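Tertiary structure, described
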Amino acid sequence: MKQLINKRFNETIYSEVLENGLTVYIAHKPNFRQSVCVFSTPFGAINLHQKINGEEIKWNAGLAHFLEHKLFEKQDMDVLSMFTNLGANANAYTSYQETNYYFSTTLPIEEPLNLLLDFVQSIDLTPQSVDKEKRIIIEELKMYQEIPNFQMVMKSFEALYHKHALKYDIAGSVESVTAITKEELEKAYFANYHPSQMVLSIATSLDPMEVLDLVKKNQRTKTFDPVMVVEQLILEEPITVQSSDEHLIMNVNRQKNAITYKQHNYKETPLENYRLSLITRLILDMNFSSLEDDFQSYLDQGLINDSFSSSAEYGVDYGFIQFSSEGESMEVFEEFINEKVRNLIINPDSLVLLKKRYLGQNISDLGDFESVAIDNAKAHQLETNLFELIEMIESIEIDDLIDSIQHFDFSNKSKVIITNK
């Protein structure tokens, strides 16, 4: 078993790739009592176009989320109740990039660990159970359609993209969920849940070798079909937005406004895009937070209010910068944002402060078992390690910010307004 020791943080991460290809990370926390285990696959909501063993496939939107639901449901047992009976709290979530299954406990780890591995590494479907789950997910979709902030984000993505899977809700739509079949679920599962495609990330106070032996013992009892060759296909997305203006009527006390700019300066690898996202957020924090000298005056003038937020994210085939706030006039908000993005400021003193702030938060997260386990899995998918991910902020310099600003595109944007009439 390999050891990755970081003397600066006084942390050690152990890792090993098992015979079946499963990658295991164990962050050893000897002075704590808790254990958190995360079992992760890089099959998320945006992975709708894949080539599997040479065959091009387009999945129905929401398929990864549907799979997450179905793996928890076995015909002869209630998985969540079983975790509870073992003194463990379990859950799962699907993001755009991955699906994570996890549990936490302060009790012995062997039984919940076996349960986690066993239920994720088996699929038990019938047409009847699939139809039942469709009704549950459709009700979940209807519930989220009543949440204004959620709808503002989703409508922004829908307006931004012509083809990219970000335009779809992580859970899909009523139409796409209705179209999902037992055969589609099984095909996606066997293509994307092979041990060699997954990572098991554990943060624990227990002896790493003993924990690894438990994982190996579990995996030796199982056989798996040969791994499939899976390639993520990228659709050619137009530079322009799909829709420049959207207006939703919902039950809100104040008008909500969102402006999202479509970006095309993304990089070739996930790690490069992670760094670009970090750089862009630093620029936004410099210009749209209390670090900016005039920020309080923007609040006082009513150009924005306390709900104001800015965000940015890049992937290998997408990028966006988004601003949102509440106010009576989209025109006033748009004029304010347009003026600001045309005159972005880079402040060296603010960069020093922000780098310390970001690094401090990342170091603080090392004390949170769930964060450590999830971030280890994320680092693996980015083809790096947790410590390099934490310390990446220190490699960012003024020139990186200046260069990024030169490649921003503020000419293609979508606007979303939510009012109560």
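Read on for a plain summary of the structure.

Conventions adopted
- Residues numbered from 1 in each chain as written.
- Predicted model: local features only at pLDDT ≥ 70, side-chain atom pairs only at ≥ 80, totals over all residues.
- Heavy atoms only, no water.
- Helix = DSSP H or I, 4+ residues; strand = E, 2+ residues; numbered from the N terminus.
- Expected span 1.5 Å × (residues − 1).
- Contact = heavy atoms within 4.5 Å.
- Buried < 20%, exposed > 50% of the residue type's maximum accessible area, 1.4 Å probe, protein only.
- Lys, Arg positive; Asp, Glu negative; His and termini not counted.
- Salt bridge = Lys/Arg side-chain N within 4 Å of Asp/Glu carboxyl O.
- Polar contact = N/O pair within 3.5 Å; in protein donor to acceptor, adjacent residues only side chain to side chain.
- Phe/Tyr/Trp six-rings, centres within 6.5 Å; stacked < 30°, edge-to-face > 60°.
- Lys NZ or Arg CZ within 6 Å of the ring centre and 35° of its normal.
- Axes fitted to C-alpha atoms, helices over the stretch in contact; angles between N-to-C directions.
- Parallel < 35°, antiparallel > 145°, perpendicular 65-115°, else oblique.

Quick look at helix H9 (residues 270-287) now. Along its 18 residues, H9 runs 26 Å from first to last C-alpha, staying within 8% of the 26 Å computed at 1.5 Å per residue. Turning to H9, the residues buried within the fold contact strand E15 (309-315), strand E16 (318-326), helix H11 (330-342), helix H12 (348-365) and helix H15 (398-407).

Let us look at the side chain of Asp-169. Among the structural elements, Asp-169 can be located in the loop between helix H5 (148-160) and helix H6 (174-179). Buried Asp-169, no salt bridge; nearest opposite-charge side chain is Lys-155, N-O distance 11 Å. Separated by 2.9 Å, the side chain of Asp-169 and the backbone nitrogen of Ala-171 make a polar contact. Those residues within four positions of Asp-169 in sequence are excluded, and the remaining contacts are Leu-141, Phe-150 and Met-154.

What follows concerns the packing of aromatic side chains. Given two aromatic rings, one states the distance between the centres and the angle between the planes to describe the pair. Applying the stated criterion across every chain, the model contains 22 aromatic pairs. An aromatic cluster of three or more residues is present, and its members are Phe-72, Phe-83, Tyr-101, Phe-103, Phe-119, Tyr-189, Phe-190 and Tyr-193. It is Lys-340 that lies over the ring of Phe-288; its NZ or CZ is 5.5 Å from the centre.

What follows covers the pattern of salt bridges. For the coordinates displayed, the defined rule picks out 21 salt bridges. We note a salt bridge from Glu-11 to Lys-29, for which the minimum N-O separation is 2.9 Å. Pair noted here: Glu-11 is in strand E2 (residues 11-17) and Lys-29 is in the loop between strand E3 (23-28) and strand E4 (35-41), with a separation of 18 residues, a long-range link. As far as the burial class goes, Glu-11 and Lys-29 line up, both buried. For Glu-186, the salt bridge identified is with Lys-182, shortest N-O distance 3.0 Å. One end of the pair, Glu-186, and the other, Lys-182, are both in helix H7 (residues 182-192), four residues apart, so they sit about a helical turn from each other. Sharing partners across several salt bridges, the network here consists of Asp-245, Glu-334, Lys-413 and Lys-415.

Relative to each other, helix H1 (residues 63-72) and H7 sit at 90 degrees, their axes nearing to 10 Å. One finds that H1 runs roughly perpendicular with respect to H7. Counted together, Leu-63, Phe-66, Leu-67, Lys-70 and Leu-71 of H1 and Glu-184, Leu-185, Ala-188 and Tyr-189 of H7 form the full contact between these two elements.

Here Asn-10, not a glycine, exhibits a phi torsion of approximately 55 degrees, which is positive. Despite not being glycine, Asn-53 has its phi angle at roughly 50 degrees, a positive value. Its place among the elements puts Asn-53 in the loop between strand E5 (49-52) and strand E6 (55-58).

Mapped onto the fold, Tyr-298 is located in helix H10 (residues 295-300). Sequence separation between Tyr-298 and Ala-203 is 95 residues; the distance between their C-alpha atoms is 44 Å. Not counting residues up to four positions away in its chain, the partners in contact with Tyr-298 are Glu-292, Leu-303, Ile-304, Phe-336 and Lys-340.

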